[in-house]
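Overview (structure and organization)
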Amino acid sequence: MTLANLLAEADLRWPGNIRVCRETSRHTRGCEIECSTEAVPEFCGWLYSERGYSFASMIVEEHESQWDLRYVWYGNSEDGIVHVVTRQPLAEQTFPTLIGHVHAIDWSEREVEDLFGLVFKGHPRLGDFVLHDDRWNRDVTPMRHGTDASAPLLRCLAEREWRPLLVLEAPGAFAMPIGPVYSGVAESALFLLETQGEDVVRCVPRLFYKYRGIEKIAEGKPIAHALLLAERCNGTSAFAHGLAFCQAAEAICAVEAPGRAKGLRVLLAELERFRHHTAAIREICEATGLVVGTSQAAILEEELLSLSCAFTGHRYLFGLNTIGGLSRDFEPGHCLQLLETLHDILRRLKQVEKMLRYSNSFLDRIEEVGIVSPGDAREFGLVGPIARGSGISRDLRKLQPYSGYDGFTFDVPSEGEGDGYARLRILFAEAEQSVRIMEQVVSALPGGTVCAGPVQVSPGAALGWAEAPRGAAFHWLRIGGDSMVARYHLATPSFLNWNGFHLAAEHFAFQDFPIIMATFGLSVAESDR
Amino acid sequence: MTLDGAMFGLFFVLCCAGMLLAIVLPQQRNAFGLACTASLAAIAISCLSIRVLLSGHGLQIPLWTIPELGTLTLSLDRLSALFVLSAGIVFLAASAFSAGYMERYLGHYSLRSFSILFYALFLSVVLVLIAADVLSFLIVWEAMAIFSYFLVNYEHEREENIRAGWLMLALGEVGSISATLALLLLAHRAHSLSFSEIRAASALVQPGMRWAIFLLSFMGFGVKAGLIPFSVWLSRAHPAAPANVSAVLSGVILNLGVYGIVRVNIDFLPVTMPGPGLTALIVGSATALMGILYATVENDLKTMLAHSSIENMGIITAALGAGFVFVASGHRVLASIAFVAALYHMLNHSVYKALLFLGAGTVDMRVGMRNMDLLGGLIRALPWTGLFFLVGALAISALPPFNGFVSEWLILQSLLRSVELGSTAIGAVFAFCAAALALTAGLAITCFVRAFAMTFLGMPRSQQVDAASEARRSMTIPMGALAAACLALGITPTYVIPVLDRALAPYAVSGATQALVPAFFRAASSGLPPNFVSEFHDLGAQVGKGLLPISGLVVLHRGGERNPVVFAMSTPYTLVVLIFLLSISFAAVRFYLARGRKLVIKEPWDGGLQRLLPEMTYTATGFSSPVSVIFHAVLHPTAIEESRETIYEHFRTAIRRGSHKEPHILERLLFQPSVWSAIAIGNLCARMHNGRLNVYVTYVLIALLAVLLLT
Amino acid sequence: MDGWVVRGIKTGIKTTRYPEAQETRAGVSPGLPVFGSQSDSESTVDICPTQALSVIDGGIAVDYRRCIHCFRCVRTGDVAPLAWQSGYEWAANSPVEPDLGTTMDRKAFARSLQVLVVDGGDCGACLSEIAQLSNPYYNMHRLGFFITPTPRIADVLLLVGPVTDQMRVAIKKAYDAMPAPKRVVAAGVCALSGGVFGPSFSVGSGAADVVPVDVLVPGCPPPPLALLHGLLVAVQRKPPVAITSPAKLAEQTEVFR
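Helices and strands together make up the secondary structure of chain A, namely 18 helices and 16 strands. Against the compact-globule benchmark of 24 Å for 529 residues, chain A has a radius of gyration of 23 Å, which places it among compact chains. In terms of overall dimensions, chain A has a C-alpha envelope of 70 × 60 × 50 Å along the principal axes. Residues counted as buried form 59% of the 529 residues belonging to chain A. Considering only contacts within chain A whose residues lie at least 6 apart along the sequence, 69% involve residues at least 24 apart.

Attention now goes to the overall build of chain B. Scanning chain B for helices and strands turns up 27 helices and 6 strands. Against the globule reference of 27 Å for 711 residues, chain B gives a C-alpha radius of gyration of 28 Å, in line with a compact fold. Taking the principal axes of its C-alpha atoms as reference, chain B extends roughly 105 × 90 × 60 Å. Across the 711 residues of chain B, 50% fall into the buried class. Taking contacts inside chain B between residues at least 6 apart in sequence as the whole, the part at least 24 apart equals 78%.

Chain B puts 4 residues into the contact, and the matching count from chain C is 9 residues. Grouping the amino acids of the side of chain B that touches chain C by side-chain chemistry returns 1 nonpolar, 2 polar and 1 charged.

Moving on, we come to the packing of helix α1 (residues 3–24) of chain B against helix α4 (residues 111–130) of chain B. Residues and elements named next belong to chain B. Running from amino to carboxyl end, α1 crosses α4 at an angle of 170 degrees, the nearest separation of the two axes being 8 Å. The angle between α1 and α4 falls in the class roughly antiparallel. Here α1 contributes Cys-15, Gly-18, Met-19, Ala-22 and Ile-23 to the contact with α4, which in turn contributes Arg-112, Ser-115, Ile-116, Tyr-119, Phe-122 and Leu-123. Residue composition of the contact of α1 with α4, by class: 8 nonpolar, 2 polar and 1 charged.

Right, let's talk about the sheet that holds strand β8 (residues 168–169) of chain A for a bit. Two orientations exist for strands paired in a sheet by backbone hydrogen bonds: parallel and antiparallel. Taking strand neighbours across the sheet as the criterion, the 3 strands line up as β8(A)-β6(B)-β5(B) in an open arrangement whose pairing is mixed. A single partner strand is all that each edge strand has here, and the edge strands are β8 of chain A together with β5 (642–647) of chain B. Where β8 of chain A meets strand β6 (residues 651–657) of chain B, 2 bridges bridge the pair, whose relative direction is parallel. When the sheet's bridge partners are listed, Leu-168 of chain A is paired in β6 of chain B with Ile-655 of chain B.

Across the junction of Pro-400 of chain B and Pro-401 of chain B, the peptide omega takes the value 0 degrees, indicating a cis bond. Along the chain, Pro-401 of chain B turns up in the loop between α15 (383–396) and α16 (403–416). Notably, Phe-208 of chain A is not glycine yet its phi reads approximately 70 degrees, a positive angle. Among the secondary structure elements, Phe-208 of chain A is positioned in the loop between β11 (200–206) and α4 (214–218). Residue classification places Phe-208 of chain A among the buried positions, given that 24 C-beta atoms sit within 10 Å.

Residue and element names in this part refer to chain B. Summarising the model, chain B shows a mean pLDDT of 86, and 93% of its residues fall at 70 or more. Looking over chain B, one finds the lowest element-wise mean pLDDT in helix α22 (residues 530–539), namely 66, and the highest in α15, namely 95. For this predicted complex, the interface score ipTM comes out at 0.90, while the overall pTM is 0.86.

Right, let's talk about the pairing of β6 of chain B for a bit. Residue and element names in this part refer to chain B. Bridging between β5 and β6 involves 6 bridges; their strand directions are antiparallel. The residue bridging Ile-647 from the neighbouring strand is Phe-651, located in β6. Hairpin remark: β5 followed by β6, antiparallel, with 3 residues in the connecting loop; positive phi at Tyr-648, about 50 degrees.

To continue, consider the confidence of the model for chain A. Chain-level pLDDT for chain A is 88 on average; 96% of the residues reach the 70-or-more range. Per-element confidence in chain A is highest for helix α7 (residues 259–288) of chain A, whose mean pLDDT is 94, and lowest for strand β1 (residues 18–23) of chain A, whose mean pLDDT is 68.

The first and last C-alpha atoms of helix α3 (residues 78–101) of chain B sit 34 Å apart over 24 residues, in line with the 34 Å expected at 1.5 Å per residue. Among the 24 residues in α3 of chain B, 24 count as buried, and that is most of the element.

Definitions and limits used
- Residues numbered from 1 in each chain as written.
- Chains lettered and ligands numbered in written order.
- Predicted model: local features only at pLDDT ≥ 70, side-chain atom pairs only at ≥ 80, totals over all residues.
- Helix = DSSP H or I, 4+ residues; strand = E, 2+ residues; numbered from the N terminus.
- Rg over C-alpha atoms; globule rule 2.2 N^0.38 Å.
- Buried ≥ 20, exposed ≤ 12 C-beta atoms within 10 Å, placed from the backbone.
- Contact = placed C-beta atoms within 7 Å.
- Nonpolar A, V, L, I, M, F, W, Y, C, P; charged D, E, K, R; others polar.
- Axes fitted to C-alpha atoms, helices over the stretch in contact; angles between N-to-C directions.
- Parallel < 35°, antiparallel > 145°, perpendicular 65-115°, else oblique.
- Pairing = 2+ DSSP bridges.
- pLDDT = per-residue confidence, 0-100.
- Expected span 1.5 Å × (residues − 1).

Written out as structure tokens, the structure is:
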């Protein structure tokens, strides 16, 4: 259905409530629709369930006299990206919840309530989300303009008690705590596994122990500085996030990266994806205790890291993206050498895959473990390899191509079982596709500069996106009149996916928990920002 | 009158005086009076039984003569004295405990009636053990059943207690009837009601009758001892009673069932076929396994201990069964070892079960609840109770140097000697049952680790626990005495075994002393090969030669001809080594490894949480859930019902899992079907009462015709 | 199963010979800028987003506690690129407690070392580099270093991340739960100075806010060999280097902004 038909039908259903503002993004189809606050839940629900859009993010902006709530929905290239904006005067801080129509918006609403103080009427679980009740006073809203980001805020005078919300009512039920410091090399997060003793009945993660407040820190800084924040939101997918940010900034400043830069950006993004997936495979082998498999995958991961460092100067591809292109160029000889080494690494990775396929003890531990059904994956708005393991094969590189991806041929793998083994197979398949894309890039890399020159920063707002290794990432950037960042919002794939982690972890025994975590391969840093 | 007679008279007088005192004293002083007088009575009867055990001279007291029924006599021989001694120890502890414990009933129930019933029960128990003819036995047996029923029903305002007591009485009566039949059959054969004449006439009984008498007595007294399939009353009745009564029920009354089985099948009618023995062995092993299985998943402290009593009775019965098989096949020494093991276990069980029940009663009284899921961390509030409960738990889990280890070791060793029987079938049954008993021992450790840890260690799981405080000394001292007795019985097996052996001597099964505790201080006459003796000397078995009597400190168990090894066990040595190792380790750590370093006590590491909450710690249910999952077929045949409440379809507000208890497997398989079929048959027969006069007249006519035809 | 064994043997030995010999394989470290003289010092210094560069007599000095590997000082077209070292031995002793000799109990750490890794809010790159320490290339086990999940048997607390507000309690508890003697190694620029995040309303200025730090390992992220060097410095098997270039600058600069 084209965008025009969409708007016409929307106007029919909710007469008077819908008003088209403008077309967004020069590169793809999309539009911004202003909607009245009462009609937003139904309208967004209609977009989601009947028109088949996926939920990208919810962005809250505090202007001089009004609140802007922006719900971003995306579909394929025909559907485009739809921004549904609703506005209310600053004094009105209650909004209706969308939770009854779109479950995937759950965490976004909770985050906004904690950070901005807006109340979503009808949401059953507001509070104690980003700002933990045992450290922060209830009335602290750090993202409001009046709050000074540089100084430590006055929080609680005395440590308050936090009691978890436990739901299992059964004789002898208890909640086993895992974390925040729990394993050898693991990110800090708390998991409470409610159980009666054998299998986990309910598992809800308590994240945001690593909340760094990136969105607030970025405000008032030049966009070059905000680019550093974007990169370091998650170091293992730094290039992808940097790329999404640069695309948003370039859209605002009306700058287009030259063709060579676009090609190299694709090359580096796929290199990062390849390395990330190898690391994820290593983690899965490690979680299941398959030592030789872990070592084999770890060797490949280290080779990729060294390769990245020798090729670009940094093991995690920091410092390459810049507004308008890349910060350095690469010689053709080096690119060919890179490709050769990558082919060799891919060949060895496929050998590892073949051996894993025949290791029964390994398969026993990940097959039929941590199952997420396709229906649940859609309901919870999962993205990335996890969603593709449950049959939802949406990939931003195909749906909304950026940086020249529409010029390359590649497949998006998809499996239907939704268990750990399906997700593992997706990782291997995507790694292979990454090398395929890199071959095409190197063979067709145009000449020219890699940077469009110094950028003239102008005010404006835009959405940038990229398919990070863990899934779809959206960066919303607004540059103010003083050429500094006025609002920066990151919607990361881990944030969207942690929401659905409990679907996989429940009804399995304790011992499967680390394995399910490893097959999900999510990042707490990316989610906590 | 001899000194023994005087002591018995003193006991009797003390009990009667106690009853009078109970009537006279006001309610508040009644518990104290009970404690004093009953303790004195228990001391008197214990001293009497010790005298009889050591000297061998029994006590005979003829009472009234009833025409055509014979003389009612009381006779205290060594076997009875053993049981009376265990009863005396338990009653002593329970009475002393009552002084502090009965305060919780002040104002709610009548302490007067409790005291009177307590003395009555004590009297009837002792009389059952010394009754020497069928009539007096049956009279005091019924009296004992009724008095124990009243005591179980003491907290009669609670519905489940009334039902529990009624079940105990009803099943007990079934058992009494069966036992009565057995005794009457024996009396019929002997043409007399006196035990001594029955004993003399045992040779005349035919095999078919022997089977009948065995089965009737086994079933009858088995009900009292809590053997399956009639053990369903035990897990309800023992928790329903006050803690001191529970201690008596588990420590004394259950032994009466064992006493009955032993009297009939060792004393009156020694077994001549392997069948009865195998039956007893199989029933005992199954009882043990069933009991400990239900104990491991039970959350209520006292109910768990009741199930554990079923387990221990099963072990005793299995040992008796093994002994019967050995007697039937002529291996007297092996039979003696098995019986000695069974009686040793009975004695041990009385002591540690009483200790555990008194501990559970203390927890119940000081905290107000018994559910292990809600307790925790009590070792800080109740340190002495915790320590003594720990000793009881170690003893019941059969860990050296406590008494449970000795009797379990002896039982398993005697079961392993089945290879000498020669028959493969019997050997297979023995092997199977030995495996079942080994599984039982493993589950017992799980059960009691859970019981101790969930109750006393960890964090308090409810507010009532925080407010608890230690009990008075009148309650902790009896527990301490029982704990000391556990240790004492554990480190002196070489002195207890000869006493038990002599008790069995009149029944032509003896030789355990010679087999297990040979006098190898006098090497020449002990029949041991000289190189073996020298090896033992090298191992240090001669330690204490000048100080200790002949038996020394080591229990030996020699394998048969096919397996000529010697298994030695010495709990005193274990104790000494344990103390030595602990002190050396302590000294090494304190004075060498940790020298110059400060001891700092910090919080337990909880992963960096702000505060570890009680709802985040393991519960008793969680601890035993692997067991309930593995034995799912036995414990939970129906699916667990689970209900979920959600908002907006994905926010769960409550997940509720059914908390009803599944009925015991025996009830599911045996009792419920029998009850239903009985009701169905009854309904079928009730169709006879259809209210129509013509039909009733027809019935009368048919009955008339039948009578005319028959005569 | 035997397939894995054969494959493992066929893969051969990949382990680096560090610390006996320096590692020369390409790509093991991104390197760090070094002190060098430059014509246009002011604009180069201004380019650094975390104020790691400062102008002193003779050239531009670098404070490694702040260098986040953004490469702007070498790649921005208008300024001359800074001199660069491609080594990885970067660990320094904390300037607050410069003399570790008297407080270090060398015997306590002479053999094996148990390391507790605590994440105070890092972006994931530092943790990924720590995870590489167990791979066949670096294999820290051959040096006697092991990672333990419990602080009760840990000797060294390896802290990464800028120490977010909500992790302070957990980190303090972990440090308190470790028995003496213990050492703290702060790895990564975020743990040394807050990096590009702190200090702010939700983040401190590094590990020193919460626990006393002994060894500093700069880098964003520090490559595995730098982490190994840091651990070796913590047990005095390798000498520390300066945290600034040139050395001695640490005494002149103040503690963090």
